[in-house]
Amino acid sequence: MSVRDIRHASVVAEAIANDFYHDRLDLSARGVTPGNTWSRMPEVECATRLRDSGASHRTVRLFLTFIAAMDRARDATRLWNSGVELFQSYPELFEPTEVSAAPISTLRAKLSQYGVSQRHGPDSSAWHAIASSIAVGENPVSQVVDSGVGNARDLLSYLRTSCRGQSRFPLLRGPKIGPMWARMLVAPGGATIDDIDIIPVAVDVHVRRVTANLGVADTPDMSEDEARQVIQGTWHGAVARTSIGGPLGIADTCAALDPALWLFGKFGCSHCEKVGRPVPIGQACNHCRLRVST
């Protein structure tokens, strides 16, 4: 990656983040009411709802942990809202000691009933395993959930550990979900995490799309793993060269850029591809290289 490429990526990152965090994205053509872009992110909005109902910071972090593990190839808004409905009816399903002692069949029935699980067997088993691993205590994940203090390197490393050949944190340990979850623990979870600058952007279809369409990194012929490394490395280099702002605890890091990229890809690039014409939403659209019919 040349200096010129990183410089271009920095310009794009700053444009996207500034529009996102200063509520300057024009989503009117998407039927989205302008303003409060960050606070209306699904996980942020739902965390606020829980806090408004009296939930503690620890409870919010547990909620973020379990629902984040379910957030793959899903409609994020629907998933997070379903998570709130589940919490309101069965808050005990978000308490690790209670979940780890309960039959998985009971957990499976409730996750399925409220639309929180998608692959009901594997999802409920993962939820139970995560609860059991947190309930044990005395590990980096339990510490950050319970006390709100942790270290990003320790967290991502411990996510990948196993016990008796079984993952301690299935689904949560994934290359997309893990970084996203670590960011959520800080904002909106209220945790303080050292070395947060090592957290990369969480690469999904939306982030890969916006990265290519804005000329930051084109990865069509790469495997998923190769593309992820290139995309994460490019955005990390870009953020290191500029200031992008963001919420307290993640400002000027890829953790702050991540939600802005996701929203830009979901409501920006995907919409243009669907309608077959450019419909700009912000400054970064000036760098668009998407070829669509007009």
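The coordinates are above.
What you are looking at is a predicted structure, and each value in this text was computed from that prediction instead of being measured.

Asks: Describe in detail the overall build of the protein, supporting the description with residues and values.
Replies: Helix and strand counts for the protein stand at 13 helices and four strands. Expressed along its principal axes, the backbone C-alpha trace of the protein runs to roughly 55 × 35 × 35 Å. The buried share of the protein, taken over its 294 residues, is 53%. In the protein, of all internal contacts separated by at least 6 residues, the share reaching a separation of at least 24 is 67%. Approximately 13100 Å² of the protein is accessible, and the part contributed by carbon and sulfur atoms is 48%. Charge separation in the protein, taken as the distance between the mean sites of 31 positive and 30 negative side-chain charges, equals 4 Å.

Asks: Provide a residue-level description of the packing of aromatic side chains, including the pertinent values.
Replies: Following the criterion strictly, the structure yields 11 aromatic pairs and no others. Their ring planes at 35° and their centres at 5.6 Å tell us that F63 and F94 sit as a pair that is tilted. Of the two residues, F63 sits in helix α3 (residues 57-70) while F94 sits in the loop between α4 (76-89) and α5 (96-101), which places them 31 residues apart along the sequence. The pair formed by F63 and F94 is uniform in burial state, with each residue classed as buried. Ring centres of F66 and F94 lie 6.1 Å apart, and the angle between their planes is 80°; on these two criteria the pair is classed as edge-to-face. Of the two residues, F66 is situated in helix α3 and F94 in the loop between α4 and α5; the sequence distance between them amounts to 28 residues. For F66, a relative accessible area of 1% translates into the label buried. Here the aromatic residues F63, F66, W80, F87, F94 and W127 are joined through ring pairs into a cluster of three or more.

Asks: I'd like to hear about the nonpolar core, residue by residue, with values.
Replies: Core analysis: the biggest nonpolar cluster contains 91 residues, and F63, W127 and W235 have the highest contact counts within it. With residues up to four places along the chain from it excluded, the contact list for W127 reads F66, I67, M70, L86, L93, F94, V99, L107, L111 and V116.

Asks: Lay out unusual backbone geometry with the relevant residues and their values.
Replies: Following A187, the chain continues into P188 via a peptide bond in cis, with omega recorded as 20°. Summarising the element assignment, P188 is placed in the loop between α10 (177-186) and β4 (192-194). In the Ramachandran plot, D252 falls in the positive-phi region, its phi being about 65° despite a non-glycine side chain. On the secondary structure map, D252 appears in the loop between α12 (224-240) and α13 (254-275).

Asks: Please give an account of the packing of helix α11 (residues 205-213) against α12 that cites residues and values.
Replies: Packing of α11 against α12 brings their axes to within 11 Å, and their N-to-C directions diverge by 65°. The chirality of how α11 crosses α12 is left-handed. Contacts between α11 and α12 involve V207, R208 and T211 on the former and, on the latter, E224, A227, I231 and W235. Looking at side-chain class alone, the contact of α11 with α12 contains four nonpolar, one polar and two charged residues.

Asks: I'd love a proper account of the environment of T253, names of residues and values included.
Replies: The topology assignment puts T253 in the loop between α12 and α13. Note on T253: relative accessible area 7%, which makes it buried. C-alpha of T253 to C-alpha of G237: the two residues are 16 residues apart in sequence and 10 Å apart in space. Engagement of the side chain of T253 in a polar contact is seen with the backbone oxygen of I250, the distance being 2.6 Å.

Asks: Quick rundown of α13? Include the residues and the values.
Replies: Its 22 residues place the ends of α13 30 Å apart at the C-alpha level, agreeing with the 32 Å of an ideal helix rising 1.5 Å per residue. Taken as a whole, α13 carries its principal kink of about 35° at G265. Counting buried residues along α13, 16 of its 22 residues qualify, which places the element largely inside the surrounding structure. Capping the start of α13 is the job of one residue whose side-chain oxygen sits 3.2 Å from the backbone nitrogen of A255: T253. At the exit of α13 stands G276, carrying a positive phi of roughly 75°.

What counts, and where the lines are drawn
- Residues numbered from 1 in each chain as written.
- Predicted model: local features only at pLDDT ≥ 70, side-chain atom pairs only at ≥ 80, totals over all residues.
- Heavy atoms only, no water.
- Helix = DSSP H or I, 4+ residues; strand = E, 2+ residues; numbered from the N terminus.
- Buried < 20%, exposed > 50% of the residue type's maximum accessible area, 1.4 Å probe, protein only.
- Contact = heavy atoms within 4.5 Å.
- Areas by Shrake-Rupley, 256 points an atom, 1.4 Å probe, with all protein chains shown as cover.
- Lys, Arg positive; Asp, Glu negative; His and termini not counted.
- Charge placed at Lys NZ, Arg CZ, Asp CG, Glu CD.
- Phe/Tyr/Trp six-rings, centres within 6.5 Å; stacked < 30°, edge-to-face > 60°.
- Core = buried A, V, L, I, M, F, W, Y, C linked by side-chain atoms within 4.5 Å.
- Axes fitted to C-alpha atoms, helices over the stretch in contact; angles between N-to-C directions.
- Left-handed = near helix turned anticlockwise from the far one by under 90°.
- Nonpolar A, V, L, I, M, F, W, Y, C, P; charged D, E, K, R; others polar.
- Polar contact = N/O pair within 3.5 Å; in protein donor to acceptor, adjacent residues only side chain to side chain.
- Expected span 1.5 Å × (residues − 1).
- Bend = angle between axes of the 7 residues up to and from the residue.

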